[in-house]
Amino acid sequence: MLKIRLARHGRKGRPFYRVVVQDSRNARDGRFVERVGHYDPLTDPATFEVDAERVKHWLSHGAQPTETVHRFLAKEGLIEPFQPKPRSKRAEAKKAAAAAAAAASAASDE
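Residues numbered from 1 in each chain as written. Predicted model: local features only at pLDDT ≥ 70, side-chain atom pairs only at ≥ 80, totals over all residues. Heavy atoms only, no water.

### Description of the nonpolar core
Cut-off, in case you're wondering: Throughout, nonpolar core names a set of buried Ala, Val, Leu, Ile, Met, Phe, Trp, Tyr and Cys residues whose side chains join them through atoms within 4.5 Å. Exposure classes here rest on a 1.4 Å probe applied to the protein chains alone. A residue is buried below 20% of its type maximum, exposed above 50%, and partly exposed in between. Here a strand is any run of E in DSSP of at least two residues, a helix any run of H or I of at least four, and the numbering for each starts at the N terminus. Contacts are residue-level and defined by heavy atoms, with any inter-residue pair within 4.5 Å sufficient.
Formed by 15 residues in total, the largest nonpolar core has its most connected members in I4, V19 and L73. When residues of this core are traced back to their parent elements, those giving at least two are β1 (2-9), β2 (16-23), β3 (34-40), α1 (52-60) and α2 (67-76). No other element matches α2, which puts three residues into this core. For L73, the contacting residues outside a window of four places in its chain are F48, V50, V55, P65, L78 and I79.

### Overview of the environment of E76
By the secondary structure assignment, E76 is in helix α2. When its relative accessible area of 46% is taken as the criterion, E76 is described as partly exposed. Separated by 49 residues in sequence, E76 and A27 place their C-alpha atoms 27 Å apart.

Purely geometric stuff here, so don't read any function into it on its own.
Here it is, written out as structure tokens:
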């Protein structure tokens, strides 16, 4: 499976990232298929540049961006913003029970 992700470069304490298309089984900084851009978090504001045409090409061929790259691409307007998966019924019930318990303890304090 192909991923579009960040590969870290730069010296210690001075990170610089390349946006690469890479097989998900390869190491983070290992072999990649194509470099499509870069990200420099140390500039003010942070710099994120990609070749939009190549990113669209790889997305159409099934490459999946990581969450971080997805957020950056959405900010650039290349893809839709990230939509988290819906929570399970069990998680919703647990959240509702915690809210009810908090409300009950607040009511008993008054």
